[in-house]
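Chain by chain, the residues:
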Amino acid sequence: MSNGFDDIPFFDEEPAARPARGGHQPAPPAPAGGSTALGGIAARAMAARDQHRVPDYLSGLNPEQREAVESLDGPVLVLAGAGTGKTRVLTTRIAHILASGRAFPSQILAVTFTNKAAREMKERVGVLVGGAVEGMPWMGTFHSIGVKLLRRHAELVGLKSSFTILDTDDVVRLVKQLIQADGIDDKRWPAKQFAQMIDGWKNKGLGPAEIPEGDARSFANGKGRELYAAYQARLMTLNACDFGDLLLHPIRMFRTNPDVLREYHDKFRYILVDEYQDTNTAQYMWLRLLAQRPKGVPQNVCCVGDDDQSIYGWRGAEVDNILRFEKDFPGAKVIKLERNYRSTEHILGAAAHLIAHNEGRLGKTLFTDRTDPNDDKVQVHAAWDSEEEARAVGEEIEQLQRNQHPLNNMAILVRASFQMREFEDRFVTLGLNYRVIGGPRFYERLEIRDALAYFRLVCQPADDLAFERIVNTPKRGLGDTTVRALHDYARKRDIPMLAATADIVETDEMKPKPRKSLFDVVSMFQRWQGLLETTPHTELAETILEESGYTDMWKNDKSAEAPGRLENLKELIRSMEAFESMRGFLEHIALVMDVEQNAELDAVSIMTLHSAKGLEFETVFLPGWEEGLFPHQRALDEGGRSGLEEERRLAYVGLTRAKRRCHIWFVSNRRIHGLWQSTLPSRFLDELPVTHVEVSEADQSYGGYNRGGYGQSRFDKQEPFANTYSTPGWKRAQANKTDATRDNWGNRSGVSIERIGYGESGPKARTIDGELIAKSRIDEPSKFTVGDRVFHIKFGNGNIAGIEGNKLTIDFDRAGQKRVLDGFVEKV
DNA sequence: AGTTGGTTTGTTTTT
DNA sequence: CAAACCAACT
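Just so you know, these numbers come straight off a predicted model, no measurement behind them.

Draft legend 1. Broad picture of the overall build of chain A. Scanning chain A for helices and strands turns up 31 helices and 23 strands. Once local pairs closer than 6 in sequence are excluded, the contacts in chain A between residues at least 24 apart make up 75%. As presented, chain A carries roughly 36200 Å² of accessible surface, and 50% of it is formed by carbon and sulfur atoms.

See below:
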């Protein structure tokens, strides 16, 4: 397909003669007349407009998308539901800004959350524009843009522009030192916990002086605030930033230097933000500083987000930011994208009905025109335990594979990573290719971090954390006492530890043995620093790892992991080739902690629901829909009502990943913390509309579920439902989203979950207007009475202690008190 | 310094 | 249950 830019060169640079600063609204580059470099593109675009021809890149858009792309003046909020072409709108909008000659590439600020999203956006703009997007220097993550700003203006916040970026590991070690230095028991007050607190404060945009008194008091007998302040002071002396600082320093800088801020106001004519629902308070403040302009000056900011996909509240994301947009940017145009291009009507119907149970939504309803009678409904399956679940999913995947479905089009999305193992085990025995997305990351591995510490110290001799990490790795006989002495010496003189070491070996403060070792260390680093400018960086990297004895250390290690670690080190060197210098490489990995996977292999993807956001697959498997796991108990306990809603959004994200087929599973028994727990089906299952869902049982051959007379399906004799969601019941559910049967905690009181058990004798599921009404209710007489002696296949004998509808509380003789569904026990 | 045994602790994760 | 972490041995 052609685009509107064929053969048009794409310009990277702003013209040399930029409009003089001073006005808030610099004249745009001359759009017509062809006098500037951009004139060519603009002239073409305008010619197209004059001929009443829509530029090609706009032609495939629906009216809402097109409005979102073309509303270039003033603030715009795009509420884009799952699969409605969000990224397309964003990228086309950028293309449109460029094509209409309103801004140069370098005058557009485009912010994403992840490097992956930034990469994708760059690629897609590149395709639209038909050229490299090197010319969009301000497209990136909040953090990478923050670094860029800081490197330019480091001195304004008291840093040198060569500052290092610490990752969480470094931060924890630093905090630990501070805690110990303060004579606080670091067992009782773990450094990791405090590091998380700091991170939390920074997410909220709070410096040491601003944290709430309660927070300050709650750590280390009220020393929270001092510790935080000490931490910040230490970062300054180290010339280092943590991730939070990459946002906070620019904020502070802009606040205290209005002239600098004005410079960027002039520069950024258009601001775009992706995944706006995920912004935290600090990012919000950052954005507002850059986007808000004095009265009368257009605020060309465009935020794209979906409140229904906000799943990072636990990490400080504030959905409120999206709800507040119109207040912050008066006159904002709000555009909803609701036409879904991804999923079948059944998948969409199920997702829409589920999410309608949340309150406080901006209220979008996805729709699609496509109705294909051959489309499968969303399938709900039951299994006895997680092993059977994995086996059945594996079987289903193999079945699809036999029907020519590539494994790349299938994904298993789990709530918690421990669920992955069972699937992995199963797929290994089946010989089924799979790939785990997320999980332990390359740059976080021990050997990689050690190697990086060497490189960091060579490039930045003041990096004490790197120094401490590797002085004695490999072992050089430099123990705790030596390192502490170095530390003290350095602090006393206010110099970096490496410099201190260089000094100290000239004296006789050290005993001969450590002195010799330290001398070697110092001379090694001096040599490497000398090579930094002259030797190619990959070669230097190899030299460092060889000469330091680091590779030998692993060669001599006979543990099982050692060969893999050496392999990883080689991979590290290989990955450096793509960079110009060692400094450039270090800068990159400080921000981009992931490494790309090979897409060659045809494999099923296994990942958490969180990491699935933004992806799509033909077939999606959603295992583990059980109370306690999904919704997760902890989300419920700690987040209460809003916790539950976030879990529900997570379920929504899961469902909407599927294009054609979606299979949900729940099991009756799951091993949690080593012991078997009987589980109840997730409440989310009840929130799915029967019209779009089909319940099928595990194959009889698995035995478990139907064994011993338990659990004939209660759905066996289901009445037929209308198959669109235009039924009165669905409409009514839409109308009153508030479910009267839920109390403040999001717990359900009146309606209980569908019950498993009783075979033929069980009451039949009833439907009213397509809504599934649970057949067993609290007011319905139970077959059991308190005190009954019962038997459970997993927990053995016990006495009923309480009854709530079809949920029994039983005191088991051996297993203790449990809540189980009555279908799983029988009277003895 | 390196190993062993005992205790703890089990969501989601980016930068 | 099992991995990770820590403390106290050898």
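Draft legend 2. Structural context of unusual backbone geometry. Between threonine 473 and proline 474 the backbone carries a cis peptide bond, its omega angle lying at 0°. Relative to the assigned elements, proline 474 resides in the loop between helix 20 (464-470) and helix 21 (480-493). The peptide bond linking phenylalanine 630 to proline 631 adopts the cis configuration, its omega dihedral lying at 5°. Tracing the chain through its elements places proline 631 in the loop between strand 13 (617-622) and helix 29 (633-656). With a phi close to 50°, glutamate 275 is a non-glycine residue in the positive phi region. As for its position among the elements, glutamate 275 is in the loop between strand 6 (270-273) and helix 13 (281-291).

Draft legend 3. Quick peek at the pattern of salt bridges. Evaluation of the coordinates by the stated rule reveals 52 salt bridges. A salt bridge links lysine 364 to aspartate 308; its shortest N-O distance comes to 3.1 Å. In this pair, lysine 364 is assigned in the loop between helix 16 (345-355) and strand 9 (378-385) and aspartate 308 in the loop between strand 7 (301-305) and helix 14 (320-323), connecting sequence segments 56 residues apart. According to the relative accessible area criterion, aspartate 308 is buried, its value standing at 2%. Aspartate 520 is the salt-bridge partner of lysine 516, the closest N and O atoms lying 2.9 Å from each other. Here lysine 516 pairs with aspartate 520, and both are found in helix 23 (residues 512-531), just 4 residues apart, close to one helical turn.

Draft legend 4. Region of the structure containing the protein's contact with DNA strand B. The full set close to DNA strand B counts 21 residues, and Asn115, Arg415, Ser417, Thr608 and Arg634 are the nearest of them. Backbone atoms, meaning sugar plus phosphate, form 45% of the atoms of DNA strand B positioned within 4 Å of the protein. The separation between a base oxygen of DNA strand B and a polar side-chain atom of tryptophan 314 is 3.3 Å. Separating a sugar or linking oxygen of DNA strand B from a side-chain N or O atom of histidine 632 is a distance of 3.3 Å.

Draft legend 5. Examining the UniProt feature "binding site: ATP" (unreviewed entry) in chain A more closely. Annotation from UniProt places "binding site: ATP" (unreviewed entry) at Ala80, Gly81, Ala82, Gly83, Thr84, Gly85, Lys86 and Thr87. Along the chain, alanine 82 falls in the loop between strand 1 (76-80) and helix 4 (86-99). Mapped onto the fold, glycine 83 is located in the loop between strand 1 and helix 4. Among all residues touching glycine 83, those that are not within four sequence positions of it are Arg339, Asn340, Tyr341 and Arg342.

Draft legend 6. Layout of the side chain of serine 682. With respect to the secondary-structure elements, serine 682 resides in the loop between strand 15 (675-678) and helix 30 (683-686). The exposure class of serine 682 is buried, given its relative accessible area of 0%. Here the side chain of serine 682 touches phenylalanine 630 through a polar contact of 2.8 Å, landing on its backbone oxygen.

Draft legend 7. Examining the packing of aromatic side chains more closely. Enumeration over the complete set of coordinates arrives at 25 aromatic pairs. Aromatic side chains phenylalanine 194 and phenylalanine 219 sit 4.5 Å apart centroid to centroid with 35° between the ring planes, which places their arrangement in the tilted category. Remark: phenylalanine 219 occurs in the loop between helix 9 (213-218) and helix 10 (224-238) and phenylalanine 194 occurs in helix 8 (residues 191-203); sequence separation between them is 25 residues. Of the two residues, phenylalanine 194 and phenylalanine 219, both sit in the buried class. Judged by centre distance (5.4 Å) and plane angle (70°), the rings of phenylalanine 579 and phenylalanine 585 are edge-to-face. In this structure phenylalanine 579 comes out as partly exposed when scored by relative accessible area, which is 22%.

Draft legend 8. Quick peek at the sheet that holds strand 6. The 6 strands lie next to each other as 3-2-6-7-1-8, forming an open sheet whose pairing is parallel. Where the open sheet ends on each side, the last strands, each with one partner, are strand 3 (139-141) and strand 8 (333-337). Taking the axes of each pair of neighbouring strands and ignoring which way they run, one obtains an average angle of 15° across the sheet. Across 4 bridges, the pairing between strand 1 and strand 7 is parallel. Note on strand 7: the bridge partner recorded for valine 76 is cysteine 302. Where helix 3 (residues 63-70) meets the sheet, its contacts fall on strand 1 and strand 8, and the angle it forms with strand 8 comes to roughly 145°. Relative to strand 3, helix 6 (residues 142-153) is tilted by about 110°, and along the sheet it contacts strand 2 (108-112), strand 3 and strand 6.

Draft legend 9. Region of interest: the environment of phenylalanine 367. The residue phenylalanine 367 is located in the loop between helix 16 and strand 9 in this model. Taking C-alpha positions, phenylalanine 367 is 53 Å from alanine 560, a pair spaced 193 residues apart along the chain.

Draft legend 10. Spotlight on the nonpolar core. By size, the foremost hydrophobic cluster in this structure holds 49 residues, and its most contacted members are Tyr443, Leu452, Phe455, Phe525, Leu572 and Met582. No other element matches helix 19 (residues 446-459), which puts 9 residues into this core.

Draft legend 11. Structural detail: the state of the cysteines. Taken as a whole, this structure holds 0 disulfides when the rule is applied. No disulfide involves cysteine 459; its sulfur sits 17 Å from the nearest other cysteine sulfur, which is in cysteine 241.

Draft legend 12. Structural context of the packing of helix 7 (residues 168-181) against helix 8. At a closest axis distance of 8 Å, the pairing of helix 7 and helix 8 adopts a crossing angle of 110°. Classed by the angle they form, the pair helix 7 and helix 8 counts as roughly perpendicular. Handedness of the crossing formed by helix 7 with helix 8: right-handed. Counted together, Val171, Val172, Val175, Lys176 and Ile179 of helix 7 and Ala191, Lys192, Phe194, Ala195 and Ile198 of helix 8 form the full contact between these two elements.

Draft legend 13. Just helix 12 (residues 258-267), in detail. Among all positions of helix 12, only Val260, Leu261, Tyr264, His265, Asp266 and Lys267 are buried. In this fold, the buried residues of helix 12 make contact with helix 6, helix 11 (245-256) and helix 13.

Draft legend 14. Expanded view of helix 17 (residues 386-402). The end-to-end C-alpha distance of helix 17 is 24 Å, a good match for the 24 Å that 17 residues give at a rise of 1.5 Å each. All buried positions along helix 17 are accounted for by Ser386, Glu388, Glu389, Ala390, Ala392, Val393, Gly394, Glu396, Ile397 and Leu400. Structurally, helix 17 contributes buried residues whose contacts are with strand 9, strand 10 (410-414), helix 18 (418-430), strand 12 (604-608), strand 13 and strand 14 (658-672). Positive backbone phi, approximately 70°, marks glutamine 404, located one or two places after helix 17.

Draft legend 15. Quick peek at the environment of leucine 227. Tracing the backbone through its elements, the reader meets leucine 227 in helix 10. The exposure class assigned to leucine 227 is buried, which follows from its relative accessible area of 3%. For the pair leucine 227 and valine 175, spaced 52 residues apart in the sequence, the C-alpha separation amounts to 8.3 Å. Contact partners of leucine 227, with chain neighbours within four places excluded, come to Leu178, Ile179, Asp182, Ile184, Phe194, Phe219 and Ala220.

Rules and cut-offs
- Residues numbered from 1 in each chain as written.
- Chains lettered and ligands numbered in written order.
- Predicted model: local features only at pLDDT ≥ 70, side-chain atom pairs only at ≥ 80, totals over all residues.
- Heavy atoms only, no water.
- Helix = DSSP H or I, 4+ residues; strand = E, 2+ residues; numbered from the N terminus.
- Contact = heavy atoms within 4.5 Å.
- Areas by Shrake-Rupley, 256 points an atom, 1.4 Å probe, with all protein chains shown as cover.
- Salt bridge = Lys/Arg side-chain N within 4 Å of Asp/Glu carboxyl O.
- Buried < 20%, exposed > 50% of the residue type's maximum accessible area, 1.4 Å probe, protein only.
- Near = heavy atom within 4 Å.
- Polar contact = N/O pair within 3.5 Å; in protein donor to acceptor, adjacent residues only side chain to side chain.
- UniProt positions renumbered as here; feature names shortened; annotations may be inferred.
- Phe/Tyr/Trp six-rings, centres within 6.5 Å; stacked < 30°, edge-to-face > 60°.
- Pairing = 2+ DSSP bridges.
- Axes fitted to C-alpha atoms, helices over the stretch in contact; angles between N-to-C directions.
- Core = buried A, V, L, I, M, F, W, Y, C linked by side-chain atoms within 4.5 Å.
- Disulfide = S-S within 2.5 Å.
- Parallel < 35°, antiparallel > 145°, perpendicular 65-115°, else oblique.
- Left-handed = near helix turned anticlockwise from the far one by under 90°.
- Expected span 1.5 Å × (residues − 1).

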